[in-house]
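These are the residues of each chain, in order.
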Amino acid sequence: MQDASSPAPDPALIARAAQILRAGGLVAFPTETVYGLGAAAEQPEAVGRIFSAKGRPADHPVIVHVQDAAAIDQWARTAPEGARRLAQRFWPGPLTLVLPRAARAHDLITGGQDSVGLRCPAHPWARALLAACGGAIAAPSANSFGRISPTTAAHVRADLGEAPQGKVDCILDGGPCPVGIESTIVDFTGVTPRLLRPGSITRAQLEGVLGVPVPDAGSSAPRASGRLDSHYAPRTPLVLVPMAGLAAAINARRGERLGVLAPADALLDASPQAVLRLIAPSSAEDYARRLYAMLHELDASGASTLLVVQPPQGPDWDGVHDRLRRAATTI
Ligand code: TXA
Ligand code: MG
């Protein structure tokens, strides 16, 4: 999880951030997936500040970040055996379990639903912060509602900003997030487990542990902002094009300022009218890690349209396809 670009947690910064959380403030912190906007989970007033800072509707639930699987029994009133097996296998890590809520999970956390989302993050800064504040941290991604998720502290600074001018009391910089897309979410409130959001832990991995199929949640799925079609969207219109259609898509937009994200060989043909050309990483893991940073960069490039070549198909790519599909919806 640690590499040259992610510094070890600084004890003084962690202690200060934990103090801010205990006092009811907001702390942006790195997780292995994306940066989270955290508040002390048991302080409804503090959790309420998350919604104002993001401009997020109050009926959207937020994930509770916990230190270990023992917290399941504090926040959920029951947990099926399968949920416990997934926690044992994938925690700490990029997996969120949606379970029937216990009384501790107040309405601001659950969005008024009867369920709570729990996740035990693996990132050393997130773990250090959880240990130092001594409780659970409610945290959605640290972006304004409907905008691109942040994978660096600079993304958070540019969007929400840090106090005194900005909306976040403290932004911890633990380097770029190594996974890059939000956690896989599995709903255990129904008769059988369902996939609410694909992520780096794949359906096949979940099914391998559970021994049963994990279908996508249908339209009866609980409210979740990650499920809104226009979520994760850059401000610039983004068009997904098949590899074979890139040249035609560029030709059809003569005179426009284009931002293009395509595999290296296809980029060679991308027209000179592109104001920014980014090479699409060839592995799903690298693509996911860099996806939001690339979208941030494309959005800031001055292009009037973004053309993104559809990445390859395959189970490892589900999370990337899901986010690109939502980014491409401009209505
Ligand atoms: O990787 C992640 O999950 C990141 C990091 C910060 O942990 N967090 C994140 O939070 O992506 P957020 O709020 O941006 O997305 C969490 C998704 C939302 O779509 C939310 O509605 C859903 O999880 N969610 C949370 N609690 C839920 C619940 N009780 N039932 C259904 N969906 C829930
Ligand atoms: Mg989010």
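Residues numbered from 1 in each chain as written. Chains lettered and ligands numbered in written order. Predicted model: local features only at pLDDT ≥ 70, side-chain atom pairs only at ≥ 80, totals over all residues. Heavy atoms only, no water.

Student: Looking at this structure, I do not really get the packing of helix 4 (residues 81–90) against helix 8 (residues 203–210). What am I missing?
Tutor: Helix packing for two helices is described by the angle between their axes and how far apart those axes are. Where helix 4 meets helix 8, the closest approach of the two axes is 9 Å, and the angle between their N-to-C directions is 120 degrees. As summarised for this structure, helix 4 and helix 8 are arranged oblique, according to the angle between their axes. As for the relative orientation of helix 4 and helix 8, their crossing is right-handed in sense. Each of Gly82, Arg85, Leu86, Arg89 and Phe90 in helix 4 lies in contact with helix 8, whose residues at this interface are Gln205, Leu206, Val209 and Leu210. Partitioned by chemical class, the residues of the contact of helix 4 with helix 8 number five nonpolar, two polar and two charged. (Axes fitted to C-alpha atoms, helices over the stretch in contact; angles between N-to-C directions. Helix = DSSP H or I, 4+ residues; strand = E, 2+ residues; numbered from the N terminus. Parallel < 35°, antiparallel > 145°, perpendicular 65-115°, else oblique. Left-handed = near helix turned anticlockwise from the far one by under 90°. Contact = heavy atoms within 4.5 Å. Nonpolar A, V, L, I, M, F, W, Y, C, P; charged D, E, K, R; others polar.)

Student: Help me understand the sheet that holds strand 8 (residues 184–187), please; the structure alone is not making it clear to me.
Tutor: Across the sheet, which stays open at both edges, the nine strands sit in the order 7-1-2-6-3-5-4-8-9 with mixed pairing between neighbours. In this open sheet, the two strands that pair with only one neighbour each are strand 7 (170–171) and strand 9 (194–197). Pairing between strand 4 (residues 95–100) and strand 8: four bridges, direction parallel. Across the sheet, the residue bridging to Val98 is Asp187, located in strand 8. Helix-sheet contacts for helix 2 (residues 44–54) involve strand 2 (35–40) and strand 6 (137–138), and the interaxial angle to strand 2 is about 145 degrees. (Pairing = 2+ DSSP bridges.)

The analysis is restricted to geometry; functional conclusions fall outside its scope.
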